[in-house]
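One-letter residues, chain by chain:
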Amino acid sequence: MSASLRFTRRVWKSFIDNKGHDAQCFPNLVIHRAVPGTVDFSLKIEPSNLNRVGTVHGGLILSLTDTLGSLAVASKGHYMTGVSTDIGASFVRPAGRTGDTLHARATLTAMGKSLAYTRVDFTNSAGDLVAYGYHTKYVGKSSSDPNNVKFSEDGERVIEGNDVD
């Protein structure tokens, strides 16, 4: 398993251990792949993820955009992933019903000293785009967190900081 994937899963575990919004809304989120700047996920849709017409609620897409954008930042070695400054989503088609699997790819499109920009593409099991979100984060103070690491370019190894299993 790559160092980037191990680290991103470690950050996700800290979100779940906090027992806040993420743990309540999508505890069954699965991180499949992480390389620096890109993370692939899936989520089995549960009844609590639906709107009143029986399809994925837009609020779930926005919440996932927030969390998955944060994990895209984590995939670059940031343990603390900053705070949101802007977020939005566009909905292309219904994203699924109970029992379906929603797939997502979160990409860190740019990161400077203060701001990080992410995009999350959501697809159904057939690979059709169902929604996409964007997320801007202030990362200025989180850049110096002692738990941060630096990865090799391919994300396979930690080259600076502690690689914790």
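Above this text sits the structure in question.
Residues numbered from 1 in each chain as written. Predicted model: local features only at pLDDT ≥ 70, side-chain atom pairs only at ≥ 80, totals over all residues. Heavy atoms only, no water.

Notes on the environment of Asn-124
Here is step 1: Looking at the element boundaries, Asn-124 is found in the loop between strand 5 (115-123) and strand 6 (129-138).
Here is step 2: Classification of Asn-124 by relative accessible area gives buried; the value is 18%.
Here is step 3: Sequence separation of Asn-124 and Ser-48 is 76 residues, and the distance between their C-alpha atoms is 18 Å.
Here is step 4: For Asn-124, the contacting residues outside a window of four places in its chain are Thr-101, His-103 and Val-130. (Helix = DSSP H or I, 4+ residues; strand = E, 2+ residues; numbered from the N terminus. Buried < 20%, exposed > 50% of the residue type's maximum accessible area, 1.4 Å probe, protein only. Contact = heavy atoms within 4.5 Å.)

Overview of the sheet that holds strand 2 (residues 38-44)
Here is step 1: Ordered in space as 1-2-4-5-6-3, the six strands form an open sheet in which the pairing is antiparallel. The sheet terminates laterally at strand 1 (30-35) and strand 3 (83-91), the two strands that pair on one side only. Here the average twist between neighbouring strands, direction ignored, is 15 degrees.
Here is step 2: Summarising the sheet, strand 3 and strand 6 pair through eight bridges and their orientation is antiparallel. Across the sheet, the residue bridging to Ile-87 is His-135, located in strand 6.
Here is step 3: Against the sheet, helix 1 (residues 3-17) contacts strand 1 and strand 2, and its axis sits at roughly 135 degrees relative to strand 1. (Pairing = 2+ DSSP bridges. Axes fitted to C-alpha atoms, helices over the stretch in contact; angles between N-to-C directions.)

Describing the pairing of strand 2
Here is step 1: Most of strand 2 sits inside the fold, with six of its seven residues counted as buried.
Here is step 2: As judged from the five bridges shared by strand 1 and strand 2, these two strands associate in the antiparallel manner. Counterpart to Ile-31 in the pairing with strand 2 is Phe-41.
Here is step 3: Taking the residues between adjacent antiparallel strands as the criterion, strand 1 and strand 2 are bridged by two residues, where Gly-37 takes a positive phi near 95 degrees.
Here is step 4: Pairing between strand 2 and strand 4 (residues 101-111): seven bridges, direction antiparallel.

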